[in-house]
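Fold and geometry: a report
Chain by chain, the residues:
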Protein chains: 2
Amino acid sequence: MALSNLAIDSDRLLSRLKQLGEIGRDGDGRLVRLAASDADKAGRDRFVAWAREAGLAVKVDRVGNIFALWTESENAHEAPLMLGSHIDTVIDAGIYDGCYGVLAGLEVIATLKEARLTPKRPLVVAAFTNEEGVRFSPDMMGSLAFAGGITVDEALAARGTDGKLLGEELARIGYAGSDDVARPAAYIELHIEQGPVLEREGIAIGAVENLQGISWQRITLEGVANHAGTTPMAMRHDAGFAAASVITFLYERAKASASGTVATVGTIAFEPNAINVIPARSIFTIDLRDPDETSLKSHEQALADYLNALEGITVSVERLARFEPVIFDQGLVREIGAAAKARGHTVRRMTSGAGHDAQMLARIAPAAMIFVPSIGGISHNPKEFTPDADLIAGANVLLDVVRTLSIR
Amino acid sequence: MALSNLAIDSDRLLSRLKQLGEIGRDGDGRLVRLAASDADKAGRDRFVAWAREAGLAVKVDRVGNIFALWTESENAHEAPLMLGSHIDTVIDAGIYDGCYGVLAGLEVIATLKEARLTPKRPLVVAAFTNEEGVRFSPDMMGSLAFAGGITVDEALAARGTDGKLLGEELARIGYAGSDDVARPAAYIELHIEQGPVLEREGIAIGAVENLQGISWQRITLEGVANHAGTTPMAMRHDAGFAAASVITFLYERAKASASGTVATVGTIAFEPNAINVIPARSIFTIDLRDPDETSLKSHEQALADYLNALEGITVSVERLARFEPVIFDQGLVREIGAAAKARGHTVRRMTSGAGHDAQMLARIAPAAMIFVPSIGGISHNPKEFTPDADLIAGANVLLDVVRTLSIR
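Residues numbered from 1 in each chain as written. Chains lettered and ligands numbered in written order. Predicted model: local features only at pLDDT ≥ 70, side-chain atom pairs only at ≥ 80, totals over all residues.

Considerations on the overall build of chain A
Within chain A one finds 12 helices and 14 strands. In terms of overall dimensions, chain A is globule-like: its C-alpha atoms have a radius of gyration of 23 Å, near the 22 Å expected for 408 residues. Along the first, second and third principal axes, the C-alpha atoms of chain A reach 80 × 45 × 40 Å. The buried share of chain A, taken over its 408 residues, is 56%. Taking all contacts inside chain A whose residues are at least 6 apart in sequence as the whole, residues at least 24 apart take part in 77%. (Helix = DSSP H or I, 4+ residues; strand = E, 2+ residues; numbered from the N terminus. Rg over C-alpha atoms; globule rule 2.2 N^0.38 Å. Buried ≥ 20, exposed ≤ 12 C-beta atoms within 10 Å, placed from the backbone. Contact = placed C-beta atoms within 7 Å.)

The following block contains the structure:
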């Protein structure tokens, strides 16, 4: 069968996306399928049913990751090619984030299986536990544990925002497994972009070559509260103005960066927060991301230098999170680009600004991601949307890449 | 009697300041003597008792302003020389703000009366109603009504933060008077600086020549919320960064101003206020003060121009308050400077950064103020403090100025 003649069943994929998106609606109609909740169990059960319908074997490991495998006797000794993502959601989520990658992976495997093509290695689609990290910390937990970044016991001991233990919750919903799954030969994750670049540039497919490093800090600046009218500018220790100058400095630096740096101050508070009192204290967070570790470090250092140079202001810095950038496998990225072009799609190499399970799998296997457009760049929101044509295009590109890697 | 031989009774003044400062303590020991409250009544009663003890006539007008008058038959037809301030306080106040000016005014009149000097015009000390404006709006209400800036009926209809009407509360505490007091020939207010300038410069007496104009605005900037990781800097409409740039612009302008401009952003909020979401909205207040109306207007215009030039940001501006600067009477300011020097004190001309009853009296009579140092510039706080020697010095300067204006 020629490549051009094989395609996923788009109606089945789109229908399943919608069906899964209806599971976990709360009383206000919001999609809330937090990890290891009753809603998550219902979503998992549906995915497992569809995997079994496709004739796949279902395994669940100790942290609740679900793996749907297609293994033939002639390839059982080979390391599998793994697809996947997650089906847990944030609060008031859209229906695409994560679920698209899991269901498209299942669709790709089912399509190849139905076409009676025999891959040279097992194909597996994974639904990783607690990618969103809303109920349990850290996020991307299931893939992190699978890649050996935390122990299974550490993961199971995670206490949720509701006080419950992940291990007990997984057991309660019937997903505390004991299966082992072999280290994959490669990992490919298909995902919505969750950013505006593809839509703005009118490009159908993103071949994701790297993933930004993340530096999260909370900064507290302490000055002196004083009367807004009676304190001359030269005698002030204004923690609010100091915060504004730090923000301005950091943003101008990020804007001028050639490496794709992004800087965000999303939260801020002044104390005492009165119109006619000079702020004694300002507290704000810094979200700094960069695909290049050297560049990220230089921005962190410049920020630290700037903070240390603030006169008459006491500075406290709390590090909240730090991840190094991830470089995806260049061979896989090339295959994605070639497959997209062969299908007649526009394609660009790009950086992932968000964290994904793929960054954890990259620790143990060649990994890459495929992005499709997010309208308006909106995600983690019921307005999250990707047109059907783009969803279908992305899944067919994944199909072709998997076929190239495992069959031809 | 030579000027140098006359001085106020410092023990009496300091003792009364402390006594008045004990009236209106709440269960936590905080000084809370809000306008027209039971605590205010107790403070007023004490002041009236001291005034009567000095042989002064007490009058109360329709908005509850108390006037203690020393009138002799030979000067009864003359316009009075008025001293004064207020005895209402903020919540958790210090003991000096306002009370010092009222009690020192009483002390000056009593000293001259006890010295059997006969002034060429009546001397009166006023305690104006609701200067602080904590319970009822606007602040400086009693002096504003006395100067004709609002009608008595408007003042009495003011509703307090507790829902009660000022008119009813004044009647309840026995201070809804009906007396008329003549327009004064001049008004002098002695006050603590409430700022750091005199202490920092080691100067004993401030001859206050003007009072800053005040411009209060609330600014709302609206951008677009987006993912902090996936939205390139060039595609952002970051309402938080825009706020920081406005603050930085305004502060640098105020710092560079030659006219004594002060700018304060005391309150701020971002929405949605999440570490990894670009702020969709920022809301902050601007407190801009300047002793020069032309300069104040130019700063307001520069701010408006800067806001209008923000790209991709929707701007809303709400004007919260606007007062023009007040120029005090240069002749009175010269007398204050001369009196301070004659007493051997260091003295400087200065601007009041805070609002005072004197600014309302300046509408109807030559007016000026005398400042004494506030340690650390602290006010509206139990730590508010002025050393006894400075309190005595200020009261004696007031004595000499009054004597010069009314007796020699």
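A word on the environment of A:Ile327
Relative to the elements of secondary structure, A:Ile327 occurs in strand β12 (residues 326–327). Separated by 85 residues in the primary sequence, A:Ile327 and A:Ala242 have C-alpha atoms spaced 36 Å apart.

Observations concerning the packing of helix α8 (residues 239–256) of chain A against helix α9 (residues 293–308) of chain A
Residue and element names in this part refer to chain A. Across the interface, α8 lies against α9 with an axial gap of 11 Å and an inter-helix angle of 155°. By the criterion of interaxial angle, the relationship of α8 to α9 is roughly antiparallel. Our pair here, α8 against α9, has a crossing hand that is right-handed. In contact with Val 246, Phe 249, Leu 250 and Arg 253 of α8, α9 contributes His 299, Ala 302, Leu 303, Tyr 306 and Leu 307. Of the residues assigned to the contact of α8 with α9, the class counts are 7 nonpolar, 1 polar and 1 charged. (Axes fitted to C-alpha atoms, helices over the stretch in contact; angles between N-to-C directions. Parallel < 35°, antiparallel > 145°, perpendicular 65-115°, else oblique. Left-handed = near helix turned anticlockwise from the far one by under 90°. Nonpolar A, V, L, I, M, F, W, Y, C, P; charged D, E, K, R; others polar.)

Observations concerning the relation of the copies chain A and chain B
The two copies are related by a screw operation: chain A maps onto chain B through 180° of rotation and 0.0 Å of translation along the axis, at an RMSD of 0.1 Å. Put plainly, the chains are arranged around a two-fold axis. The rotation axis passes nearest to the C-alpha of A:Ala244 in chain A, at a distance of 2.2 Å. (Least-squares fit on C-alpha atoms with pLDDT ≥ 70 in both.)

Examining the packing of helix α1 (residues 10–21) of chain B against helix α3 (residues 99–114) of chain B
Residue and element names in this part refer to chain B. The N-to-C vectors of α1 and α3 enclose an angle of 140°; their axes lie 10 Å apart at closest approach. Accordingly, the angle class assigned to the pair α1 and α3 is oblique. When the axes of α1 and α3 are compared, the crossing they make is right-handed. Contact with α1, carried on its side by Arg 12, Leu 13, Arg 16, Leu 17, Leu 20 and Gly 21, involves Cys 99, Tyr 100, Leu 103, Ala 104 and Glu 107 of α3 and no other residues of that element. Here the contact of α1 with α3 is composed, by residue class, of 7 nonpolar, 1 polar and 3 charged.

Details of the confidence of the model for chain A
Residues with a pLDDT of 70 or more make up 99% of chain A, whose mean pLDDT is 96. Across the whole predicted complex the pTM is 0.83, and at the interface the ipTM reaches 0.83. (pLDDT = per-residue confidence, 0-100.)

A short note on the environment of B:Ala225
Within the element layout of this structure, B:Ala225 appears in the loop between β7 (213–222) and α8 (239–256). If sequence neighbours within four positions are ignored, B:Ala225 has contacts with B:Pro272, B:Val277, B:Ile278 and B:Ala280.

Some remarks on the pairing of strand β6 (residues 205–211) of chain B
Residue and element names in this part refer to chain B. Counting buried residues along β6, 7 of its 7 residues qualify, which places the element largely inside the surrounding structure. Two strands pair when backbone bridges link them, and β6 and strand β13 (residues 347–352) are joined in this way by 6 bridges, in the parallel orientation. Directly across from Ile 205, in β13, lies its bridge partner Val 347. With 3 bridges joining them, β6 and strand β14 (residues 367–372) adopt antiparallel strand pairing. Bridge assignment links Val 208 to a residue of β14, and that residue is Met 369. Two elements, β6 and strand β12 (residues 326–327), share 2 bridges in a ladder whose sense is antiparallel. Counterpart to Asn 210 in the pairing with β12 is Ile 327. (Pairing = 2+ DSSP bridges.)

Re the interface of chain A and chain B
Facing the 47 residues of chain A at the interface are 47 residues of chain B. Looking at the side of chain A that touches chain B, the elements that each hand over two or more residues are α7 (197–201), α8, β8 (262–264), β9 (268–271) and β10 (281–290) of chain A. At 9 residues, α8(A) tops the list of elements feeding residues into the side of chain A that touches chain B. Here the side of chain A that touches chain B is built from residues that sort into 22 nonpolar, 20 polar and 5 charged.

So, the environment of B:Pro279
Within the fold, B:Pro279 resides in the loop between β9 (268–271) and β10 (281–290). Distance in space between the C-alpha atoms of B:Pro279 and B:Val262 is 28 Å, their sequence separation being 17 residues. Residue contacts for B:Pro279: discarding those within four places in its chain leaves A:Gly266, B:Gly223, B:Asp238, B:Ala239, B:Gly240, B:Phe270 and B:Glu271.

So, unusual backbone geometry
Following A:Glu271, the chain continues to A:Pro272 via a peptide bond in cis, the omega torsion being 0°. Within the fold, A:Pro272 resides in the loop between β9 and β10. The phi angle at B:Asp92 is positive, at roughly 60°, despite the residue not being glycine. As for its position among the elements, B:Asp92 is in the loop between β3 (81–86) and α3. In this structure B:Asp92 comes out as partly exposed when scored by C-beta crowding, with 14 C-beta atoms within 10 Å. The backbone phi angle of B:Asn130 is positive, close to 50°, even though this residue is not glycine. By secondary structure assignment, the location of B:Asn130 is in the loop between β4 (123–128) and α4 (141–146).

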